Amino acid sequence: MSLVKRDKERQLVELTQIVTGIRLFNKECGKGGDGIDDLPAILNEAVPATTQNVDNAIQKACNIVFNYTAAIEKLHGMEPSSKLSVQALTEAHINCRQHEAFLRIILNDVISCAQQVELLESQLASRLEQLQATVQSKTAVPTAQVYPQFINLALIWSSFQDEMVLLSVLSNILASLEPYTRGHKESFTDDILSPLLDDVQVKTDEVRIKETTGPEHVVDPKDFKDVDWLFPETTKNFDHLPLQYRGYCGWCLVKNDRLLYPGNPSIGVLQYQDRYYVFSSKQAACEFANNPEMYIMQVAECAKRSPELIQLLELHSQFATITPYTQGKEPGRMIEKPVTKCDMGVQTEVHPIESNIVKSYEWNEWELRRKAIKLANLRNKVTHSAQTNLSNLRRDNVTQVYLPKDAGTQSKRDGSSNVPKPQVFLAGLRGGGQSTATVMTKVDLTLDVDQT
């Protein structure tokens, strides 16, 4: 009871792990462990099923992408009057490519989960064999030998539970993506796409890459002086090069109005400013290599028109204000925590550390010696005291006085002056007739200022 909360929690967790390990060992021996699910068997069934579901979803998304690509190619070859739906179809094409990339990320996570489950199964089997060898048919076994093994067994089982949770989350994500695919089916129904796909061969990405594979499609490095080309025969780890634009052709992005074609590395990989670019054809590679700066800027302009391309093509170096996906993840993963921002203020004390100033501290050695001599001399001195008549039985005296009262005086008086009112009298207006002229006299009756 005297332990702190953290130590109590640690002991409870350790006790839980020991009990879990004992139950798992009893289940393996057939002597108990009722109610414990067989997680390895469940995972061995769930992982292939989830993988199949993700593969089917990827195949559906790819088929939609291939149909959109063929339709857009046909619309580009038609008259301008028939290009009313090219913009919407291009945006749907980009969205489907996003959907495909995200599904491949989920597939990578499911594959990693399957590999982790396989590793955990081997660890579980070896741990149970080691426990069997330790316990055998003994009636008593030292706790120092078996408890750590029980705890390790519980941790392995906890890892199985984590993989179950991860697989469940991935399945829920896959199910939640289904409503977003309905929008394409409603916007571009079979009645709309069928006329565009008539007499048109719908090519897959594999077919397009196969068509541009061969000696006649390989770029000749001698035709270019300022750029370097990499080929599978002369480059080590050629398949693991970090390709720009997620492996899509940058030339087609610019020339075909943001249309995403897969690049073919066998044509040649262009190395420019420590970045690697692939192309869908030899013509695209040659034109891009002749003026790479212009095409890189044009790709950025395409991303401004469709901002979703920034994350899809990983254009974070050209858009510094866009937060890239979490670094350090395995290639192909795009999962990251959302970035949250808030305003926060912190108030600190002026002096967080209390001052400790020693008034009697002396740094001068001679001053310390002087004080030491003074204290030594006091030991040889005698203290005398004397009392006088004035100090005999002296007491404190207290006097009470009246406090001064508040008084006020008036040092000036209010004064005012009255300006005289102007008065004018007009004399002689009366008494005149038709024969006698009227003489009017104006008399000023205003008093002077000194007379008021």
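Explanation requested: the packing of helix 9 (residues 282-290) against helix 10 (residues 292-305) in the structure shown.
For any two helices packed against each other, one specifies the crossing angle of their axes together with the interaxial distance. The interhelical angle for the contact between helix 9 and helix 10, taken along N-to-C directions, is 100°, at an axis separation of 5 Å. Here helix 9 lies roughly perpendicular to helix 10, going by the angle between them. Mapping the contact onto sequence places E287, F288, A289 and N290 in helix 9 and P292, Y295 and I296 in helix 10. Grouping the amino acids of the contact of helix 9 with helix 10 by side-chain chemistry returns five nonpolar, one polar and one charged.

What exactly am I supposed to notice about the confidence of the model for the chain here?
A low pLDDT score tells you not to read the predicted coordinates there in detail. Here the chain shows a mean pLDDT of 81. Residues at 70 or above account for 90%. Helix 12 (residues 365-378) holds the highest mean pLDDT among the elements of the chain, 91, whereas helix 5 (residues 178-187) holds the lowest, 76. Long-range and interchain partners of residues 331-336, a stretch whose pLDDT sits below 50, account for 15 contacts in this model, where long-range means more than four residues apart.

I would appreciate a short explanation of the side chain of Q244 in the present structure.
Examined against the element boundaries, Q244 turns out to sit in the loop between strand 1 (228-230) and helix 8 (250-255). Taking relative accessible area as the criterion, Q244 reaches 17% and is therefore assigned buried. The contact partners of Q244, leaving out residues within four places of it in the chain, are R275, Y276 and Y277.

Honestly, the environment of N377 in this entry has me stumped. Any pointers?
Secondary-structure assignment places N377 in helix 12. For N377, a relative accessible area of 39% gives the class partly exposed.

What exactly am I supposed to notice about the pattern of salt bridges here?
When the charged atoms of two side chains with opposite charge come close together, those side chains can pair. As enumerated under the stated definition, the model contains 13 salt bridges in all. One salt bridge in this structure joins R97 and E100, with 3.2 Å as the shortest N-O distance. Taken together, the positions of R97 and E100, both in helix 3 (residues 86-135) and three residues apart, correspond to about one turn of that helix. Taking relative accessible area as the criterion, E100 reaches 5% and is therefore assigned buried. A salt bridge links E211 to K203, with the nearest nitrogen and oxygen atoms 3.3 Å apart. One network of salt bridges, in which partners are shared, links R97, E100, R104 and D205.

Help me out: how do you make sense of the sheet that holds strand 1 in this one?
Sheets are built from strands that pair by backbone hydrogen bonding, the pairs being arranged parallel or antiparallel. The strand order across the open sheet formed by three strands is 1-2-3, and the pairing between neighbours is antiparallel. Two strands bound the open sheet, and with one partner strand each, they are strand 1 and strand 3 (275-277). Adjacent strand axes in the sheet meet at a mean angle of 35°, parallel and antiparallel pairs treated alike. Both strand 2 (residues 269-272) and strand 3 contribute to a ladder of three bridges, which runs antiparallel. Looking across to strand 3, one finds that L270 is bridged to Y277.

Can you walk me through the packing of aromatic side chains in this structure?
Describing an aromatic ring pair means giving the distance of the ring centres and the angle of the ring planes. Enumeration according to the criterion identifies seven aromatic pairs in this entry. Ring centres of Y277 and F288 lie 5.3 Å apart, and the angle between their planes is 40°; this geometry places the pair in the tilted category. With Y277 in strand 3 and F288 in helix 9, this pair connects stretches of sequence that are 11 residues apart. Both rings, one in F279 and one in F288, keep their centres 5.0 Å apart while their planes meet at 55°; by these two values the pair is tilted. Each member of the pair, F279 as well as F288, is classed as buried. Each member of the aromatic cluster is reached from another via a ring pair, and the members are F224, W229, Y245, Y277, F279, F288 and Y295. If you follow R369 out to its NZ or CZ, it ends over the ring of W366, 4.7 Å from the centre.

Definitions and cut-offs
Residues numbered from 1 in each chain as written. Predicted model: local features only at pLDDT ≥ 70, side-chain atom pairs only at ≥ 80, totals over all residues. Heavy atoms only, no water. Axes fitted to C-alpha atoms, helices over the stretch in contact; angles between N-to-C directions. Helix = DSSP H or I, 4+ residues; strand = E, 2+ residues; numbered from the N terminus. Parallel < 35°, antiparallel > 145°, perpendicular 65-115°, else oblique. Contact = heavy atoms within 4.5 Å. Nonpolar A, V, L, I, M, F, W, Y, C, P; charged D, E, K, R; others polar. pLDDT = per-residue confidence, 0-100. Buried < 20%, exposed > 50% of the residue type's maximum accessible area, 1.4 Å probe, protein only. Salt bridge = Lys/Arg side-chain N within 4 Å of Asp/Glu carboxyl O. Pairing = 2+ DSSP bridges. Phe/Tyr/Trp six-rings, centres within 6.5 Å; stacked < 30°, edge-to-face > 60°. Lys NZ or Arg CZ within 6 Å of the ring centre and 35° of its normal.

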